[in-house]
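Listed here are the chains, written in short residue letters.
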Amino acid sequence: MSHPYLTIDLDKIEHNARTIVGLCREHGIEVTGVTKVTCGHPEVAKAMLRGGVSSIADSRMENIHRLKGAGIHTSYMLLRLPPLSGVEEVVDAVDVSLNSEISVLAGLSEAACRRDRIVDVLLMVDLGDLREGIWPDDLLPFVKEAVELPGIRISGLATNLACFGGVVPSEEKMNQLVELAREIEKKFGLTLKWISGANSSGLELIASGGMPRRVNHARIGEAILLGRETTHRRAWPNTFQDAFLLHAEVLELKEKPSVPVGVRSEDAFGKLPTFEEQGNVKRALLNVGREDLDVEGITPLAPNLTILGASSGYLVLDATSAADDIRVGDELSFYLNYSALLAAMTSEYVKKHLLRGGVPMEQGM
Ligand SMILES: *Cc1c(COP(=O)(O)O)cnc(C)c1O
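In this text the structure is predicted, and so the values were computed from the model without any measurement. (Residues numbered from 1 in each chain as written. Predicted model: local features only at pLDDT ≥ 70, side-chain atom pairs only at ≥ 80, totals over all residues. Heavy atoms only, no water.)

Observations concerning the overall build of the chain
Secondary structure summary: the chain contains ten helices and 17 strands in total. In terms of overall dimensions, the chain has C-alpha extents of about 75 × 45 × 40 Å along its principal axes. The long-range share in the chain, meaning contacts at least 24 apart out of those at least 6 apart in sequence, stands at 65%. When the accessible area of the chain is evaluated, it comes to approximately 16,900 Å², of which 50% is carbon and sulfur surface. (Helix = DSSP H or I, 4+ residues; strand = E, 2+ residues; numbered from the N terminus. Contact = heavy atoms within 4.5 Å. Areas by Shrake-Rupley, 256 points an atom, 1.4 Å probe, with all protein chains shown as cover.)

See below:
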């Protein structure tokens, strides 16, 4: 292989989806599969749907168009707040929109009316994580204006935690969301069908039985794709953590000093890295680098390899204790975390090899 590549094991993704969907179903929670970290990869979405997710969510319109273009018929949720400049496109292509700005809702309303359509909207509430959402104190006045807009159906509330501020989804936070829903229903005579309370950070709360019964929807990406809940990044029972693996080729394998030789200044990225004196080490150079992924987010499968660093095009490993087993031209494999996976999926230099039944599928991406 002249390029680094990802293997994407679709059966493992399907299995993980089935595990997560099963758990959520036991607690009355429907799961929407989140594909954004895979750039809306159609085969990944299909594997999630085979595993039982009821619909697909992505943060980018391009990805939703890609999925629809691949002929995947399901309901689509746009996860990122729609831009005021893009309301027409959203009404055309999206079934459920998450919203927090009244001017954008007004834009969606006009666009929906022009098309004689109704857009389902979940109002995004910020329970303290400080990314998107209406602050709880402002929610009732917001709804008062929103209910007047034709073409908009306020079908529920949603919140997103553990993404920006790292706030943990607790029973108190979820009760607060449910309580806000009750107030809105009472005050405006609405029925809120959906309380979308969780992403992959909510699995422990769900499994422990601490999720209030009214919370009936979750938007799950990482737990299905990488098999981890996201408050402690614990591997989730009965899921695979290696549905995605990175493979790269050894280009050079040489014994060299552990500390650079000569007067030193900044490296290629403006940093002044430190080096530990360990005598000579066997160093392996691989054909993958910062242009392709977040090097801090990958872990060699082989426990006797250590990542020393990377430039845009090279990954440098200490292979001293594995040197007898490695040759130039060999492929080495790595686990990826969410951040590394996001970058690798986005890099056109990293090829994507789909596996089904453990063997390669015909088409790539
Ligand atoms: C990314 C995202 C999710 C999915 O989060 P995971 O941690 O991957 O489960 C859910 N909701 C929103 C709004 C998101 O942006």
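Comments concerning helix α2 (residues 42–50)
The periodicity of an α-helix, 3.6 residues per turn, causes residues three or four positions apart to be oriented the same way. All of the buried residues in α2 are P42, E43, V44, A45, A47 and M48. Downstream of α2 by a residue or two, G52 has a phi angle that is positive, lying close to 110°. (Buried < 20%, exposed > 50% of the residue type's maximum accessible area, 1.4 Å probe, protein only.)

Focus on the site of the ligand
Residues in close proximity to the ligand total 13 residues, the closest being K36, S200, R219, G221 and E222. R219 is positioned such that a nitrogen or oxygen atom in its side chain is 2.8 Å from a nitrogen atom of the ligand. Residue G221 places a main-chain N or O atom 2.8 Å away from an oxygen atom belonging to the ligand. Taking 390 Å² as the accessible area of the ligand by itself, protein coverage stands at 95%. When atom positions are compared with the pocket grids, the ligand is found to occupy the second largest pocket. Its residues assigned to classes, the shell around the ligand shows four nonpolar, four polar and five charged. (Near = heavy atom within 4 Å. Polar contact = N/O pair within 3.5 Å; in protein donor to acceptor, adjacent residues only side chain to side chain. 1 Å grid on protein atoms, 1.4 Å probe; cavity = no way out; pocket = protein on both sides within 12 Å on 5 of 7 lines; lining within 4 Å. Sits in = over half its atoms within 2 Å of the grid points. Nonpolar A, V, L, I, M, F, W, Y, C, P; charged D, E, K, R; others polar.)

Focus on the domain arrangement of the chain
Quoted interface sizes are often the accessible area lost when the parts come together. Segmenting the chain into domains produces domain 1 (10–225) and domain 2 (244–360). Domain 1 and domain 2 are separated by 37 Å when their C-alpha centres are compared. For the pair domain 1 and domain 2, the summed buried area comes to about 1,100 Å², and 67% of that belongs to carbon and sulfur atoms. Among the residues of domain 1 in contact with domain 2, L10, D11 and V37 are the three that bury the most area, contributing 43% of the side total. Connecting domain 1 to domain 2 are one salt bridge. (Domains from an automatic or database assignment. Buried area = accessible area lost by both parts, 1.4 Å probe. Salt bridge = Lys/Arg side-chain N within 4 Å of Asp/Glu carboxyl O.)

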